[in-house]
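Here are the chains, one letter per residue:
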Amino acid sequence: MTWRNWAGNQRTTPTRRVVARTTEDVVAAVKEAARDGLRVKATGSGHSFTGIGAPDGIALAVPSQGVPEVRGMLATVPAGMTIRALNAALWEQGLALPNLGDIDAQTVAGAVATGTHGTGAAHTGIAARIRELAMVLADGSVVTASAAEHPEILHHARVGLGALGVVTAVTLECVPAFALHATESALPLAEVLAGFDELAAQHDHVEFYWFPHTDVAATKINDRTTATGPTRGRIGAWVGDELLGNGAFELVCRAGAVVPSAVPTLNRVMAGQMANAEYVDRSYRVFTSPRRVRFKEMEYAVPRAALGEAFAGLRAAAERHGADVTFPVEVRVAAADDVPLSTASGRDSAYLAVHVHHTRPHEAYFAAVESVMTALDGRPHWGKLHTRTAAGLAASYPEFADFVALRDRLDPERRFGNAHLERILGASG
């Protein structure tokens, strides 16, 4: 009965598990939880590093089966469907999401609840594409929140942290299916930092990975295209995604833990090998890649203008506290949106993410980075490790108090709460 997340750093023992195949099953589970005095938590696929989805009462798997119901550019999908399954299903109907993160194993509801965002100076995260939500509330009632009905619920629940109700279906505004031209290359870090604003303005989706203790940045630039090549064959894809991105990288992580003095050399080699490709493919195949090397992660969003200062502080923290860190730092950007608890709410944002192998200690490294980001009014990714509490977070989000008030109204007994949500939202209104 033990529940654990993907990284293995969060574990609980729920009272029982329920697999819901319909909205009626979700309603029954919520009512049974109230009858038995238990909390209920939709568990998703466990890709959050925080305890935001940890169940301590009923562990509820929400409906995941079915095909998208398409109306023009709108697609209504089961909340428990994975991003991977959604991408393939949308493509069959000539549709796609305009921006994605780099992992596709999350459920749709889990991805939007925690603010999954991807990269692109003119692009927002997935939650900003939500036009309608079906949700079971704490009293067992079912609401469909849209611009016409329950607009205040839609406004806040797009990044709802799992605190407002159990989402059973999500309606997303899509775009026509498109291909991306990916160009990956290793460049001097100083050159990338100096020209990053220009790169982000000239290309659709730009990010870079900096390997600590090196002067190398592995860049990834993705642009929309009508071209059909160059293509990446099965062998090339396997070498890039599986051999280098997973198999060889796992060995590098283990070697770095044993011989920390070798980490700079190992990182320089991996940076060059992992950033050496050019190909055209379906958008979702370019955006996402498999992640089989398990890790722990923290990510902060800072105002876009603060990227340089944030990166300098992060680099200093890595030098002091990350001697054996082989995982690269990931840097991305996103456009401002109007979602109250989105990390890009009301401001163009830069994202800086730090990682360590799941077997390695992270506390000192992450704490040093968090100190830098907090000083720059950074907002932590809701699904990634941080130590912030409601008191500090409230100052970073203009509509934080409104969200908490809605939580208090919809779920006065905290049927959908857990210890982590109490920490970040407060235990009572």
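Values in this document were obtained by computation on a predicted structure and should not be read as measured data.

Participant: Looking at this model, I keep getting lost on the pattern of salt bridges. Mind explaining?
Facilitator: Any two side chains of opposite charge can pair, so long as their charged atoms come close to each other. Applying the stated criterion across every chain yields a total of 20 salt bridges. Lys384 is the salt-bridge partner of Glu299, the closest N and O atoms lying 3.4 Å from each other. With Glu299 in strand E17 (residues 295-303) and Lys384 in the loop between strand E20 (379-380) and helix H11 (390-394), this residue pair connects regions lying 85 residues apart in the sequence. Neither Glu299 nor Lys384 differs from the other in exposure class; each is buried. Residue Arg407 is joined to Asp408 by a salt bridge in which the shortest nitrogen-to-oxygen separation is 2.9 Å. The class of Arg407 is buried, set by a relative accessible area of 3%. Each member of the salt-bridge network shares a partner with another, and the members are Glu297, Glu299, Glu330, Arg332 and Lys384.

Participant: Sorry, what's going on with the sheet that holds strand E15 (residues 216-225) here?
Facilitator: By way of backbone hydrogen bonds, the strands of a sheet pair with one another, either parallel or antiparallel. The strand order E16-E13-E15-E14-E18-E19-E17-E20 describes an open sheet built from eight strands, whose pairing is antiparallel. For this open sheet the edge positions go to strand E16 (276-282) and E20, each flanked by a neighbour on one side alone. The sheet contact formed by E17 and strand E19 (residues 349-357) spans nine bridges and is antiparallel. Looking at the pairing, Glu297 lines up with His355 of E19. The sheet contacts of helix H5 (residues 189-202) involve strand E13 (179-188), strand E14 (205-210), E15 and strand E18 (329-334), and relative to E14 the element is tilted by about 165 degrees.

Participant: I keep staring at the packing of helix H9 (residues 307-321) against helix H10 (residues 363-375) and nothing clicks. Help me out?
Facilitator: How two helices sit against one another is set out by the angle between their axes and by the gap between those axes. At their nearest, the axes of H9 and H10 sit 9 Å apart, and the two run at 160 degrees to each other. Viewed along their axes, H9 and H10 adopt a mutual orientation that is roughly antiparallel. In the packing of H9 onto H10, the handedness of the crossing is right-handed. Between H9 and H10, the residues in contact are Ala310, Gly313, Leu314, Ala317, Ala318, Arg320 and His321 and Ala364, Tyr365, Ala368, Val369, Val372 and Met373, respectively. A class-by-class count of the residues in the contact of H9 with H10 yields ten nonpolar, two polar and one charged.

Participant: I would appreciate a short explanation of the nonpolar core in the present structure.
Facilitator: One broad trend across soluble globular proteins is that nonpolar side chains are buried collectively. In terms of nonpolar packing, the biggest core is built from 73 residues, with Leu60, Leu161, Trp382 and Leu425 touching the most fellow members. Apart from the residues within four sequence positions on either side, Trp382 is in contact with Thr50, Ile52, Thr114, Val159, Leu161, Leu341, Leu393, Tyr397, His420 and Ile424.

Participant: Looking at this structure, I do not really get the environment of Leu421. What am I missing?
Facilitator: With respect to the element layout, Leu421 can be found in helix H13 (residues 419-425). Looking at Leu421, the relative accessible area reads 4%, which means it is buried. Through-space distance from the C-alpha of Leu421 to that of Pro188 is 41 Å; in sequence the pair is 233 residues apart.

Participant: Quick question: what am I supposed to make of the environment of Ala401 here?
Facilitator: In this structure, Ala401 sits in helix H12 (residues 400-410). Residue classification places Ala401 among the exposed residues on the basis of a relative accessible area of 55%.

Conventions used here
Residues numbered from 1 in each chain as written. Predicted model: local features only at pLDDT ≥ 70, side-chain atom pairs only at ≥ 80, totals over all residues. Heavy atoms only, no water. Salt bridge = Lys/Arg side-chain N within 4 Å of Asp/Glu carboxyl O. Helix = DSSP H or I, 4+ residues; strand = E, 2+ residues; numbered from the N terminus. Buried < 20%, exposed > 50% of the residue type's maximum accessible area, 1.4 Å probe, protein only. Pairing = 2+ DSSP bridges. Contact = heavy atoms within 4.5 Å. Axes fitted to C-alpha atoms, helices over the stretch in contact; angles between N-to-C directions. Parallel < 35°, antiparallel > 145°, perpendicular 65-115°, else oblique. Left-handed = near helix turned anticlockwise from the far one by under 90°. Nonpolar A, V, L, I, M, F, W, Y, C, P; charged D, E, K, R; others polar. Core = buried A, V, L, I, M, F, W, Y, C linked by side-chain atoms within 4.5 Å.

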